[in-house]
Amino acid sequence: DSGVTQTPKHLITATGQRVTLRCSPRSGDLSVYWYQQSLDQGLQFLIQYYNGEERAKGNILERFSAQQFPDLHSELNLSSLELGDSALYFCASSVWDSGNTEAFFGQGTRLTVV
Amino acid sequence: AQSVTQLGSHVSVSEGALVLLRCNYSSSVPPYLFWYVQYPNQGLQLLLKYTSAATLVKGINGFEAEFKKSETSFHLTKPSAHMSDAAEYFCAVSGNNQGGKLIFGQGTELSVKP
């Protein structure tokens, strides 16, 4: 158990809908990262928050947004969903936001858009 | 910019044989390098990391990797494969001032034959 909790584990929804994925980082970790894993794109960095502030942005679509709350949990919002958004979405957390810090991954949320 | 290339999307070895998974990186800054393992339906678990200390890094489960700057490589090895090593392995790169985000390779699926 990495200590990172993601809910829900599975999500099935229709095209055009909006969903929210939730992540609770390890106790004491200030940094939260979101990654998308799909067969064609592999593991892609989406966005990072550090202590409530956006720290870095990757290949995140404009239809997607995220935030980190004062209690440090994070939510990833996906809207106007398309079939191609079906993927495994991982949250990871680390103590700091430096490159040599180990990131701990949750078990992921598997999103299926039908 | 940073990138990672993993040579071979699928590697198959016999139980007891040497495991060698190849990773080459590209980075405009001194890199931090990581190997993660993903078991089916699970999140990613850190095997080992290079953070500019010793070039030969030992990790969990008998794995080790050697950082070779001249070859821009960070190959993962294990002297003797075990059935439980069957999983997907990801090489990743980060760097200072990158915020801790990871850039992943495409992954290598390791199969272990009895």
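Use the structure listed above.
Note on numbering: residues in each chain are counted from 1, in written sequence order. Here the convention is simple: chains get letters from A, ligands get numbers from 1, in the order in which they are written. Totals for whole chains, interfaces and linings use all residues, but because this is a predicted model, local features are given only for residues with pLDDT of at least 70 and pairs of side-chain atoms are given and counted only at 80 or more. Side-chain figures throughout are based on the complete set of non-hydrogen atoms in the structure, without hydrogens or water.

Caption draft 1: Geometry of the pairing of strand β5 (residues 42–50) of chain A. Residue and element names in this part refer to chain A. Within β5, 7 of the 9 residues are buried, which leaves the element mostly enclosed by the surrounding structure. What makes two strands pair is DSSP finding at least two bridges between them. Going along the chain from the N terminus, every DSSP run of H or I of four or more residues is numbered as a helix, and every run of E of two or more is numbered as a strand. The sheet contact formed by strand β4 (residues 31–38) and β5 spans 8 bridges and is antiparallel. When the bridges of β5 are listed, S31 appears paired with Y50. Hairpin geometry of β4 and β5 is characterised by an intervening segment of 3 residues between the two adjacent antiparallel strands. Of the pairings in the sheet, the one linking β5 to strand β6 (residues 53–57) comprises 4 bridges and is antiparallel in character. Exposure is judged per residue with a 1.4 Å probe applied to protein chains only, and the accessible area is read against the type maximum: over 50% gives exposed, under 20% gives buried, and values in between give partly exposed.

Caption draft 2: The arrangement of unusual backbone geometry in detail. With an omega of -10°, the peptide bond between T7 of chain A and P8 of chain A qualifies as cis. Residue placement: P8 of chain A occurs in the loop between β1 (5–7) and β2 (10–13). For S80 of chain A, which is not glycine, the phi dihedral falls at a positive 45°. Within the secondary structure layout, S80 of chain A lies in the loop between β8 (74–78) and β9 (87–94). Classification of S80 of chain A by relative accessible area gives partly exposed; the value is 41%. One non-glycine residue with positive phi stands out, namely T72 of chain B, at about 45°. Within the element layout of this structure, T72 of chain B appears in the loop between β7 (64–68) and β8 (73–78).

Caption draft 3: Inspection of the pattern of salt bridges at higher detail. Residue and element names in this part refer to chain A. Salt bridge, as used here, is a side-chain nitrogen of Lys or Arg placed within 4 Å of a carboxyl oxygen of Asp or Glu. Taken as a whole, this structure holds 6 salt bridges over all chains when the rule is applied. With a closest N to O distance of 2.8 Å, D29 and R26 form a salt bridge. For D29, a relative accessible area of 1% corresponds to the buried category. Between E82 and R63 there is a salt bridge, with the nearest N and O atoms lying 3.7 Å from each other. With E82 in the loop between β8 and β9 and R63 in the loop between β6 and β7 (64–68), the pair connects residues that are 19 residues apart, well separated along the chain.

Taken by themselves, the reported measurements are silent on function.
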